[in-house]
Amino acid sequence: MTPLILTLCLLASLASCRREQRQLRHSPQASTRTGGIVRDAELQPGQPWPEVTVRNVSEERAWDLNEGQRLYRAYNCNGCHANGGGGMGPALMDESWIYGSHPENIHDVIVEGRPNGMPSFGGKIPDYQIWEITAYVRSMSGLVPKLAATGRTDHMQTKISEQSKKEEK
Amino acid sequence: MTSSSYQDALHPAGPYANTIVGVWWFYLIVCTIVFVAVWIALFIAIRRARRRVEPDTLAPRAPRAMMLALAATTGLLLAMLVSSIAGARALSPQGKAVTREIQVTGHQWWWDIQYLDERSDHIAQTANELHVPVGERVRIILASSDVIHSFWVPNLHGKRDLIPGQKSIFVIQADKAGLYRAQCAEFCGLQHAKMAFIVIAEPKHDFEQWLATMRASAAQPKTADEQRGQQVFLSTSCGMCHAIKGTSAGSRVGPDLTHVGSRRTLGAAVIPNNRGNLSGWIADAGGVKPGVLMPPNPLDPDDLHALVAYLESLK
């Protein structure tokens, strides 16, 4: 009986392994990408493209989510989107998504930019950082695993933490 | 760069480090004498106790010696206390007129250094290289942008912490011209050990000349290579974090690069600033400093050479 419980405990601990993963050195390949990865329009010539779904591992890593939060300020995302509540740009912490809520959609918005003010960051910032920001943006709507989401911010508390956020869809 | 007193608290180069080293030597001498005296007294006591077979009484046999030891202990402790208080008074920044104010902000893992004028306006900015005029008191205003760091130039002064959300002030003075290495002295994360800077104490004339250069905007690119380098700087990721005064790059996330070509070191006094190191640093800063916040920048080799040529021209 005891070995079984121990094995189960070990297996359970494996489930949360990714939370503490930190990638401190990134390969040059992880830095480059200038174009988006999904088709935005449903109307396509010829055979339709297969649908792309992406699993963003940054969402499962606490360090990456924290880096996303830091970069969100460093690259002045908060200049337009404030702390997620929106301002000049749309709110990010609510349930409405103009260009889709999936990681690949948010990634492409950051890479390509969007009309009426959203700049294109493709080629300006490394691709792995875009994935980190994507993960943080989704965490504002409670769309990332609670285990990895930020429990508190380093700054003055202006909203409930990403960890306590209910899922918005 | 590697003279014997490059980073050495026992070779003071200014009055404050002198005070500290004075107190240090005084403490060391007193403690050494007391240490030796106690051991000698202990050995004498043991030898005498062996000769005597039966102690007839437990009362102290030599009240005079006891009184002497007590008086010596009290006297020495008082002397140490007085020297410590006098030292701290001499080091206090209060009531000291200064000729210049410099604001030093600690970041993970580099130092942002800004020179202020008489009206506390920021007039020049550099990183990881603190120039001070010889023989003048300079007020250092310390702040931190993330975690607690500590400013420590052993040849000039003791340590002073940089605390987030708080400004701390202290005064330094260098009397000997020279190059002194300084080190972050409070564990601040992965690359704490590689968070250093250099202090350059130079005659007033040289200092003023240097400051005038720092105040100016960046040099315009002259050769075709440098012009292409500037284009690379402004069109790729560099300008997202760094600023070059006189161009459209104005971000304050990373060190200011307006006069990066004139700096002696890279990566917070970790590697000498030369063409090879600069190229390597741009391509993969994490190779030198794992965990550094600067991402790898896979550039076309020709673009990288042009960029390095441009940055080197920013004297």
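Residues numbered from 1 in each chain as written. Chains lettered and ligands numbered in written order. Predicted model: local features only at pLDDT ≥ 70, side-chain atom pairs only at ≥ 80, totals over all residues. Heavy atoms only, no water.

**Thoughts on the interface of chain B and chain A**
Note the cut-off: Contacts are residue-level and defined by heavy atoms, with any inter-residue pair within 4.5 Å sufficient. Summed over both partners, the accessible surface that disappears when two parts come together, traced with a 1.4 Å probe, is what is meant by buried area. For this analysis, a salt bridge means a side-chain nitrogen from Lys or Arg found within 4 Å of a carboxyl oxygen belonging to Asp or Glu.
In this assembly, 16 residues from chain B lie in contact with 18 residues from chain A. For the pair chain B and chain A, the summed buried area comes to about 1,300 Å², and 64% of that belongs to carbon and sulfur atoms. Its largest share of buried area at the contact with chain A, chain B owes to B:M240, B:L293 and B:P296, together 37% of the area lost on that side. Counting every contact that joins chain B to chain A gives one salt bridge. A:R25 serves as the salt-bridge partner of B:D284, at 2.2 Å between the closest nitrogen and oxygen.

**Things to note about the sheet that holds strand β7 (residues 159-162) of chain B**
All names here are of chain B. As a reminder, the rule being used: Two strands qualify as a pair provided that DSSP identifies no fewer than 2 bridges between them. Runs of E in the DSSP output that reach at least two residues are strands. Runs of H or I that reach at least four are helices, and both are numbered from the N terminus. Lines fitted to C-alpha atoms define the axes here, with helix axes fitted over just the stretch in contact, and angles between the N-to-C directions of these axes take values from 0 to 180 degrees.
The five strands are arranged β4-β10-β9-β6-β7 in an open sheet whose pairing can be described as mixed. The open sheet has two free edges, formed respectively by β4 (129-133) and β7, since each of these has just one partner strand. In this sheet, adjacent strand axes meet at a mean angle of 25 degrees when their direction is disregarded. In this sheet, strand β10 (residues 196-202) lies alongside strand β9 (residues 178-184) in antiparallel orientation, the contact comprising six bridges. If you follow Y180 over to β10, its bridge partner there is V199. In the packing of helix α3 (residues 204-215) onto the sheet, the strands contacted are β4 and β10, and the crossing angle to β4 comes to about 135 degrees.

**A word on the nonpolar core**
Inside soluble globular proteins, nonpolar side chains tend to come together where they are buried. Residues and elements named next belong to chain B. Formally: In these notes, a set of buried Ala, Val, Leu, Ile, Met, Phe, Trp, Tyr and Cys residues joined through side-chain atoms within 4.5 Å is what counts as a nonpolar core. Exposed residues in this analysis have more than 50% of their type's maximum accessible area, buried residues have under 20%, and partly exposed residues fall in between, with area computed by a 1.4 Å probe over protein chains only.
The biggest cluster of nonpolar side chains holds 33 residues, and the ones touching the most others in it are I102, Y115, L130, V132, I140 and F151. Those residues in contact with L130 that lie beyond four places of it in its chain are I102, I113, Y115, I140, F151, I172, F197, I198, V199 and I200. One finds A218, A249, V260 and V292 within the second-largest nonpolar core, a separate group that totals 21 residues.

**Let's talk about unusual backbone geometry**
For the bond running from B:Q108 to B:W109, omega is -5 degrees, close enough to zero to count as cis. As for its position among the elements, B:W109 is in the loop between β1 (100-107) and β2 (110-116). For A:N116, which is not glycine, the phi dihedral falls at a positive 65 degrees. Structurally, the position occupied by A:N116 is in the loop between α5 (103-112) and α6 (127-139). Classification of A:N116 by relative accessible area gives exposed; the value is 84%. One non-glycine residue with positive phi stands out, namely B:A268, at about 65 degrees. Along the chain, B:A268 turns up in the loop between β11 (265-266) and β12 (271-272).

**So, the layout of surface pockets**
All names here are of chain A. For clarity, the threshold we go by: A 1.4 Å probe that fits but cannot get out identifies a cavity on a 1 Å grid over protein atoms alone, an open set with protein on both sides within 12 Å along at least five of seven lines counts as a pocket, and a residue lines either if it has an atom within 4 Å of a point. Grid points are joined across faces, edges and corners, and a volume is the space filled by probe spheres set on the points.
In this structure, the second largest pocket occupies an estimated 770 Å³ of space. Every residue lining the second largest pocket is counted, 32 residues in all, and those nearest its centre are H81, P90, L92, V109 and M118. Looking at the lining of the second largest pocket, the elements that each hand over two or more residues are α4 (78-81), α5 and α6. Examining the composition of the lining of the second largest pocket, we find that three residues originate from one element, α5, more than from any other.

**A closer look at the domain arrangement of chain B**
All names here are of chain B. Put simply, the rule is: Domain borders in the structure are assigned automatically or taken from a domain database. Side-chain atoms alone can form a polar contact between residues adjacent in sequence; in general such a contact is a pair of N or O atoms within 3.5 Å, and within protein one must be able to donate a hydrogen while the other accepts it. Throughout this entry, Asp, Glu, Lys and Arg are counted as charged residues, while Ala, Val, Leu, Ile, Met, Phe, Trp, Tyr, Cys and Pro are counted as nonpolar. The remaining residues, Gly among them, count as polar.
For chain B, the assigned domains are domain 1 (1-214) and domain 2 (224-313). Each of domain 1 and domain 2 has a C-alpha centre, and these two points are 35 Å apart. Contact with domain 1, which involves 22 residues of that partner, is made by 21 residues of domain 2. Overall, the association of domain 1 and domain 2 removes approximately 1,800 Å² of surface from exposure, summing both partners, and the carbon and sulfur fraction of that is 56%. Looking only at domain 1, the three residues that lose the most surface to domain 2 are Q125, K194 and M214, adding up to 27% of its buried area. Where domain 1 touches domain 2, the interface holds one salt bridge. Across the salt bridge formed by E129 and R264, the nearest N and O atoms sit 3.7 Å from each other. The interface formed by domain 1 and domain 2 holds ten residue pairs in polar contact (both at pLDDT 80 or more) in total. When contributions to the side of domain 1 that touches domain 2 are tallied by element, the ones reaching two or more residues are β3 (122-127), β4, β10 and α3. Class assignment of the residues belonging to the side of domain 1 that touches domain 2 gives a composition of 13 nonpolar, seven polar and two charged.

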